[in-house]
Amino acid sequence: MLKIDHLTHYFGGLKAVEDFSIDIQPRQMIGLIGPNGAGKTTIFNLITGVYKPTQGHVYFDGEDLTGFKPWRITQHGIVRTFQNIRLFSTMSVIENIMVAHHFRMKAGLLASILRLPSFIKEERETREMAAKLADIFGLSDVLETPAGSLPYGRQRRVEIVRALVTEPKLLLLDEPAAGMNPKEALELLALIKKIAEDFKLTILLIEHQMPVVMGVAERIHVLDFGRTIAVGTPKEIQNHPKVIEAYLGEGAKL
Amino acid sequence: MKKLTNKAVLFAILGLVVVYGIVTILHQNHILNDYIMRIIILMMINAILAVSLNLINGFTGLFSVGHAGFMITGGYVAGFITTLVFKVTAETPYYQALPMFVIAILAAGAVSALVGFLIGLPVLRLSDDYLAIVTIGFGEIIRVIFNFISFKVDKGGWVQDVGGPRGLSGIPLLSNFTLVMIVFVLTIIIIRNFIYSRHGRACIAIRENEVAAHLMGINITKYKVMAFVLGSTFAGVAGALLAHIIQMLHPTMGGFMKSVEYLIMVYLGGMGSISGSVIAAFGLTAVSEFLRPIGELRMVLYGVLLIILMLKMPAGLMGRKEFPFLVPLKERQIHAKN
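Here's a quick rundown of the structure.

Here is what the cut-offs are and how they apply
Residues numbered from 1 in each chain as written. Chains lettered and ligands numbered in written order. Predicted model: local features only at pLDDT ≥ 70, side-chain atom pairs only at ≥ 80, totals over all residues. Heavy atoms only, no water. Contact = heavy atoms within 4.5 Å. Buried area = accessible area lost by both parts, 1.4 Å probe. Salt bridge = Lys/Arg side-chain N within 4 Å of Asp/Glu carboxyl O. Helix = DSSP H or I, 4+ residues; strand = E, 2+ residues; numbered from the N terminus. Nonpolar A, V, L, I, M, F, W, Y, C, P; charged D, E, K, R; others polar. Buried < 20%, exposed > 50% of the residue type's maximum accessible area, 1.4 Å probe, protein only. Pairing = 2+ DSSP bridges.

1. As for the interface of chain A and chain B
Contact residues are listed per partner, giving 37 residues for chain A and 33 residues for chain B. Of the roughly 3,200 Å² buried between chain A and chain B on both sides combined, carbon and sulfur atoms contribute 62%. The largest per-residue losses of area from chain A upon contact with chain B belong to Trp-71, His-102 and Glu-144 of chain A, which jointly make up 21% of the total buried on that side. Along the contact surface separating chain A from chain B lie 1 salt bridge. Put simply, Arg-201 of chain B and Glu-123 of chain A hold a salt bridge, and the shortest N to O gap is 2.7 Å. Elements with a minimum of two residues in the side of chain A that touches chain B: helix H2 (70–75), strand E6 (78–80), helix H3 (93–100), helix H4 (109–113) and helix H5 (117–136) of chain A. Among the residues forming the side of chain A that touches chain B, the class breakdown is 17 nonpolar, 10 polar and 10 charged.

Listed below in structure tokens is the structure:
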């Protein structure tokens, strides 16, 4: 489904990502971990078109998406959330969600300005769909609140719902549980897992908290200084000497 | 809930009809003289300009400083059409002149839209504030262009020069209260409907967070250009109306200083509030007109007034709030709840 071939990206002289390859099959949930500055978010930025890779290619459903503009990549069915939350903060929660459904809607400029019945119907359906999804993530009491005034954890949930209404095939989650305690994080991940099943999603997940990612991912890629140092099941990763070294330093023992 | 919608909008329509009726009756009975009527018309024209600029700067978060340039473009286009193409004069009966004027207004809007598109497309592909620099330049270019465009017109025996640095004079007085009010109300309706649609939401999302909007599948260049062109179109229409009330145009009217006047209206009323732009445009037009007797001092007073208002209300008079009848039902429930 998503195939990344020898992706390399430089920031000036700094090699942020080096020779990264991954092959994700439909309905998989893959983890991407690594210490700070390992290049995880850069990979997300490369997949979604925020950066253009120095070398390498990104294929999605057999199509080469390398160098596409971000909005076109989203329209192809890849969507992401952000590590540092990027909501439309003065817009209400429901509007944040509705905006993301934008390119799935059809009402033309003239239909909108003339308020044709087709426009009104579509607008109502989108609103209902957005409200329903928000409800699944426990946001129904804040639909009309400006998104920027919500507490951190709920803003993350809005981001996930907003990503979901673009009707993606592949969902990239950038530390969805950041700032949450392990219990909240596990709850959220369980919810994400359920959503992934309901919506037949494929998920690539960046996560810092090891127990969280261990519990949900079927395969984990570990990055350090832009290089892939290990790939395997959570169990294999846990005991991989290079991973322990990267996280805890040379000579450390778990 | 359905009744509520009808109520607020119904009141607004009723209010419009009443205001229109009262003003017309007062004018016919010479309680409101032609001078006052002129100011009322100018207030509405300025409101069209402020609201359309707000669409670009307030709702979409762009920074255009060339609104007067689009206004003057529309003015000249309409002026040339009525005076040179249709040869409308003061003697032409109004019912004959009106269709020609309508054509001129539409042409003015179309030309301004085209110019807006030609400027917007290359510039809005870039991020940051290149638009501000380019629109300042545009204002100057327009001024220079209209300084050069002049015609020789055969006025039955003697040849008159039209246009160029002396401006375009002899434009027939065709903008009356009824017509300007219709255009003004239509403008408000169109821009309000645009904003409360998926297109308007896309524009606001771009203002709020460009990167996130981009990554939510919104073609940001397309929507920036759309907002810019739509705003420019109405500026052109307003220019056409303006030309046919003040009856002359001068190239300097498209310049930077004139654009700043409209910027002030937008910021004073509130970035992202249609209601605010209308109030500010009405208020500032009236104030600067009624302060005319004190001469140059009015600019000082005007400045002090602005400083006080911006200190007391940094978000503008209305912030991002709207009059209820400008907000569709679903959105209005939000305000009711909060």
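Now that the structure has been shown, we can carry on.
2. Here we look at the environment of Met-37 of chain B
All names here are of chain B. Mapped onto the elements, Met-37 comes out in helix H2 (residues 34–59). In this structure Met-37 comes out as buried when scored by relative accessible area, which is 7%. Considering only alpha carbons, one finds Met-37 and Thr-89, 52 residues apart in sequence, at a separation of 21 Å. Not counting the four nearest positions on each side in its chain, Met-37 is found in contact with Val-23, His-27, Leu-32 and Phe-177.

3. What to know about the pairing of strand E4 (residues 55–60) of chain A
Residue and element names in this part refer to chain A. In the sheet, strand E1 (residues 2–11) pairs with E4 via 5 bridges, with the strands oriented antiparallel. Within E4, the residue paired with Thr-8 across the bridge is Gln-55. As defined by bridge partners, E4 adjoins strand E5 (residues 63–64) across 2 bridges and the pair is classed as antiparallel. Its bridge partner lying in E5, Tyr-59 is registered against Asp-64. With antiparallel pairing between neighbouring strands as the criterion, E4 and E5 make up a hairpin whose turn holds 2 residues, including Asp-61 at a positive phi of roughly 50°.

Read these as layout, nothing more, since geometry by itself doesn't imply function.
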